[in-house]
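Summary of structural features
One-letter residues, chain by chain:
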Amino acid sequence: MENGDTVKIKTNFPACTYFAFEEYTFTKQNDTLFVEKYSREDPSDRQQKLAKMMYKIKADDPSSFENYFKYLKKTDTIDKNDDWALVSVTYKNQRKRFYASNLRDQFEKIDTLNPVRKKNIPE
């Protein structure tokens, strides 16, 4: 990333009649990477927006978003291109979507994301 660039990561958490999503926005300013988090939960319509904070995790840390994307790339076997991806990453005019093949796969991918979320974004 270069100064002024933005990467958006959207994660969907659907299950039966429950739906939630989180959106992480990474922005590079003055050679420092910052992240903001926004989340929403339906049907309650609860929302949360956390203030921008410095992203301090190194790319080779097991709890980094970079390592999570390596895991997703390795386990992604679905050939789709719709708006119902489990995780989507948008950078400039490019978008990469990752899907779950079944409920078990979905839960495994969400469980793998949880330590990344907790280490990077304090609740």
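An account of the accompanying structure is given in this report. (Residues numbered from 1 in each chain as written. Predicted model: local features only at pLDDT ≥ 70, side-chain atom pairs only at ≥ 80, totals over all residues. Heavy atoms only, no water.)

1. A closer look at the overall build of the protein chain
- Helix and strand counts for the protein chain stand at two helices and six strands.
- Scanning the protein chain from its N terminus toward the C terminus, one meets helices and strands in the order β-β-β-β-α-β-β-α.
- In terms of overall size, the protein chain behaves like a compact globule, its C-alpha atoms giving a radius of gyration of 14 Å where 123 residues would be expected to give roughly 14 Å.
- Each principal axis of the C-alpha atoms in the protein chain carries an extent, and together these give about 45 × 35 × 30 Å.
- The buried share of the protein chain, reckoned over its 123 residues, is 37%.
- In the protein chain, the share of contacts with a sequence separation of at least 24, taken over all contacts with a separation of at least 6, comes to 39%.
- Total accessible area on the protein chain stands at roughly 8000 Å², and carbon and sulfur atoms take up 50% of it.
- Computed over 23 positive and 20 negative side-chain charges, the inter-centroid distance for the protein chain is 2 Å. (Helix = DSSP H or I, 4+ residues; strand = E, 2+ residues; numbered from the N terminus. Rg over C-alpha atoms; globule rule 2.2 N^0.38 Å. Buried < 20%, exposed > 50% of the residue type's maximum accessible area, 1.4 Å probe, protein only. Contact = heavy atoms within 4.5 Å. Areas by Shrake-Rupley, 256 points an atom, 1.4 Å probe, with all protein chains shown as cover. Lys, Arg positive; Asp, Glu negative; His and termini not counted. Charge placed at Lys NZ, Arg CZ, Asp CG, Glu CD.)

2. A short note on the packing of helix H1 (residues 65-75) against helix H2 (residues 103-120)
- Running from N to C, H1 and H2 cross one another at 170°; their axes reach a closest spacing of 10 Å. With respect to H2, the axis of H1 lies roughly antiparallel. Residues Phe65, Tyr68, Tyr71, Leu72 and Thr75 of H1 pack against Glu108, Lys109, Thr112, Leu113, Val116 and Asn120 of H2.
- Along the lines of polarity and charge, the residues of the contact of H1 with H2 split into six nonpolar, three polar and two charged. (Axes fitted to C-alpha atoms, helices over the stretch in contact; angles between N-to-C directions. Parallel < 35°, antiparallel > 145°, perpendicular 65-115°, else oblique. Nonpolar A, V, L, I, M, F, W, Y, C, P; charged D, E, K, R; others polar.)

3. Considerations on the environment of Ser88
- Within the secondary structure layout, Ser88 lies in strand S5 (residues 87-91).
- For Ser88, a relative accessible area of 14% corresponds to the buried category.
- Each C-alpha atom, one on Ser88 and one on Thr11, is 6.7 Å from the other, the two residues being 77 residues apart in sequence.
- For Ser88, the residues in contact, after removing those within four places along its chain, are Lys8, Ile9, Lys10, Arg95, Lys96 and Arg97.

4. Side note on the environment of Asp76
- Here Asp76 shows up in the loop between H1 and S5.
- Between the alpha carbons of Asp76 and Lys8 there is a distance of 19 Å; along the sequence they are 68 residues apart.
- Not counting residues within four places of it along the chain, the set of residues in contact with Asp76 comprises Lys96, Arg97, Phe98, Tyr99 and Lys109.
- A distance of 3.2 Å separates a polar side-chain atom of Asp76 from the backbone nitrogen of Tyr99. (Polar contact = N/O pair within 3.5 Å; in protein donor to acceptor, adjacent residues only side chain to side chain.)

5. A few points about the sheet that holds strand S2 (residues 19-29)
- With respect to topology, six strands assemble into an open sheet ordered S4-S3-S2-S1-S5-S6, the strand pairing being antiparallel. Looking along the sheet, the strands with just one partner apiece sit at the ends: strand S4 (46-54) and strand S6 (94-98). Averaged over neighbouring strand pairs, the angle between their axes works out to 10° when direction is ignored.
- As judged from the 11 bridges shared by S2 and strand S3 (residues 32-42), these two strands associate in the antiparallel manner. By the bridge assignment, Tyr24 is partnered in S3 with Lys37.
- Running over the sheet, H1 touches strand S1 (6-12), S2, S5 and S6 and is turned about 120° from S5. (Pairing = 2+ DSSP bridges.)

Geometry only, nothing functional implied.
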